[in-house]
Amino acid sequence: MKTFNKILLAFLTIFLIVSCQDLEDLNKNPNQPDKVSTATLLTGAQKKMMDYIYDTWFSGRQALPYAQYWSQRNYTEEDRYQIRESVNNSYFNHLYVTAGNYVLIEKMNSDEATKAESATYGSNNNQIAVAKILKVWLMQVIADTWGSVPYSEAFKLNDGVTYPKYDDLEVLYPGFIDELDEAIALIDEDEVAFTSGDRIYDGDATKWKQFANSLKCRIAIRLSKVDPNWRSYIDEAVASGVFTSNDDEAMFKYSNEAPNECYFYRGFFVDGRNDFSITKPFTDLLKGQCDTLNNKQHPWEGVVDPRLPIYTTSRSGNYVGLPYGLPSNNMTTAIRNAAPTWYTSSPPTILNKDFSVPLMTYAELCFILSERYNWDRGWYEEGVRSSIEHWYALAGESADQDELDEYVESVSEVVNAETVATQKYIHLYMHGTEAWSEYRRTGYPLTMLKPGEFTYVVSGEKVPFTPLSETKGDLPARVKYPTNESTLNPTGFSAAVAKLQDGTNNYYSKMYWDVRTAQNPHPENK
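Predicted model, so just to flag it, every value in this text is computed and none were measured.

A.B. asks: So what's going on with helix H15 (residues 362-372)? Residues and values would help.
C.D. replies: Judged by how many residues are buried, H15 sits mostly within the fold: eleven of eleven residues are covered. For H15, the complete set of buried residues consists of Tyr362, Ala363, Glu364, Leu365, Cys366, Phe367, Ile368, Leu369, Ser370, Glu371 and Arg372. Elements in contact with the buried residues of H15: helix H9 (205-222), helix H10 (230-240), strand S6 (356-360), helix H16 (377-394), helix H18 (417-427) and helix H19 (432-442). Among the residues trailing H15, Asn374 stands out with phi positive, at a value near 60°.

So this is what it looks like as structure tokens:
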């Protein structure tokens, strides 16, 4: 009996050891490795960042309507600034998680325990620089959207920071410039940035340096009304090396293969969301037509923009936009059907599977440099020309050079703050956050539909554009902080809201760099 018990005990011991080992193996996800390389992290972070920002939610229901590029056929309440809190909460979280991956890449390339292994995917310093550049790009989108947000303490949970403070914008933007300077100083152009995993520049360190300097110019121009040093920031960037042609621009190219198509395509053709069309105000701007309902003039009346057939499609040969901000009860079937239905008709370039979405383009830089040099004609014309060539290249076509020359000449009779900003706005189509931000900084283009102005005529009656959230008579100055923040980060949230106008979480508290007033809607640069 004792012998049997010993044998049984031995058997059970062996069984438990084997079973525990089997359970450990079963609990491992074969699709989720224990260690993730910095190259893999970069690929995932780049794609997720572009997926989140360029989609039919963050862009389609928020940034593109705010910039008045897109209208919605069905959920017009969002065009009138009634956001979905679930979307607001989700995207705030998604973008921060993505930014955290860039922080992790920096950490893996600087910690003694991991830097040697990380160096197998490229120079440690170059990897840190790329991560910093992308983190700054993403954090500027976040700041431009919500205002003061957590940054200096945002990624320090492991250090015990559970309630990170919200950094004021007057600290954030100069801090972004400082961090870009750090990245630029780290880059060794004789070494690859990443041996693999880089979907934007394929590891080309020189291109990353040009992008960092060009991004520095974008941040500098955002500060042009409030920071007297903004010109020197741009001059430093130009001296260090910015984009020199369309070949240098930072673009994320999607695939024709599922499930890696562009999220605009996936929204329309995979998810079946045919809610959106190009707006009437934007279409009229491209057609050279004035806004007769509101007696607004067009900078180039009668001049048809060659980008019009790239941006949208026609219905029976006519280019018609959907009214912006029209209440749902006024959005009749006839009005919905007037604008092209991209889902069922020949889709425009922006809905291609492999559409390339921009982080920053050469044309945008040209318009920035035109403004820097007091509305310089040469940089302005270069911006218009390179924009048209950029968009035709995305469509797989070449612009007719005679028509291009004629258009550039037509829109260059006057070069000033309005014409530069308006051409920049036209070029930034699909980059809703940047276009919306530039409107808030400059007050241009004048074609933007304001609350109280008329959006359309229905049954013989002019229908006013009436927001569902208070914006103080203008486009939204910001997006409200997500409601989740009031419980997840109550200390930081409460302190940030207290600094907003009226001490409320609203749409009308202006950004630090937005100094427009009713008396001075288009303030000069400092």
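A.B. asks: Lay out the side chain of Asp275 with the relevant residues and their values.
C.D. replies: Assignment of secondary structure puts Asp275 in the loop between helix H11 (263-270) and strand S5 (276-278). Sequence-distant contacts of Asp275, that is, excluding residues within four places in its chain, are made with Arg61, Ser71, Gln72, Arg73, Asn74 and Tyr75.

A.B. asks: Could you give an account of the pairing of S6, with specific residues and numbers?
C.D. replies: Along S6, five of the five residues are buried, which leaves the element largely enclosed by surrounding structure. Two elements, strand S4 (residues 250-253) and S6, share four bridges in a ladder whose sense is antiparallel. Counted as the bridge partner of Ala250 is Met360 from S6.

A.B. asks: Talk me through the packing of H9 against H19; I want residue IDs and the actual numbers.
C.D. replies: The contact between H9 and H19 brings their axes to 10 Å, and the two run at 35°. Together, Arg218, Ile221 and Arg222 of H9 and Glu434, Ser437, Glu438 and Arg441 of H19 make up the contact between the two elements. Looking at the contact of H9 with H19 residue by residue, the classes come out as one nonpolar, one polar and five charged.

A.B. asks: Give a detailed account of H9, specifying residues and quantitative values.
C.D. replies: The first and last C-alpha atoms of H9 sit 26 Å apart over 18 residues, in line with the 26 Å expected at 1.5 Å per residue. Of all 18 residues making up H9, 16 are buried, and the element is well covered by its neighbours. Two or three places before Thr206, at the start of H9, stands the capping residue Asp204, its side-chain oxygen 3.0 Å from that residue's backbone nitrogen.

A.B. asks: Residue-level account of the side chain of Lys209, with values.
C.D. replies: Mapping Lys209 onto the fold places it in helix H9. Assessed through its relative accessible area of 18%, Lys209 is described here as buried. When near neighbours in sequence (up to four residues on either side) are disregarded, Lys209 contacts Ile184, Ile187, Glu189, Ser240 and Gly241.

A.B. asks: Describe in detail the layout of surface pockets, supporting the description with residues and values.
C.D. replies: Approximately 800 Å³ is the volume found for the largest pocket. As for the largest pocket, its lining consists of 23 residues, of which Tyr96, Ala154, Phe155, Lys156 and Leu157 are closest to the centre. With nine residues, the top contributor of residues to the lining of the largest pocket is helix H5 (residues 85-108). Of the residues in the lining of the largest pocket, the class split is twelve nonpolar, six polar and five charged. As a volume, the second largest pocket reaches approximately 340 Å³. Taken together, 24 residues line the second largest pocket, and the ones lying closest to its centre are Tyr439, Lys450, Gly473, Asp474 and Arg516. Counted by class, the lining of the second largest pocket contains ten nonpolar, six polar and eight charged residues.

So, how was this worked out
Residues numbered from 1 in each chain as written. Predicted model: local features only at pLDDT ≥ 70, side-chain atom pairs only at ≥ 80, totals over all residues. Heavy atoms only, no water. Buried < 20%, exposed > 50% of the residue type's maximum accessible area, 1.4 Å probe, protein only. Helix = DSSP H or I, 4+ residues; strand = E, 2+ residues; numbered from the N terminus. Contact = heavy atoms within 4.5 Å. Pairing = 2+ DSSP bridges. Axes fitted to C-alpha atoms, helices over the stretch in contact; angles between N-to-C directions. Nonpolar A, V, L, I, M, F, W, Y, C, P; charged D, E, K, R; others polar. Expected span 1.5 Å × (residues − 1). Polar contact = N/O pair within 3.5 Å; in protein donor to acceptor, adjacent residues only side chain to side chain. 1 Å grid on protein atoms, 1.4 Å probe; cavity = no way out; pocket = protein on both sides within 12 Å on 5 of 7 lines; lining within 4 Å. Points joined across faces, edges and corners; volume = space filled by probe spheres on them.

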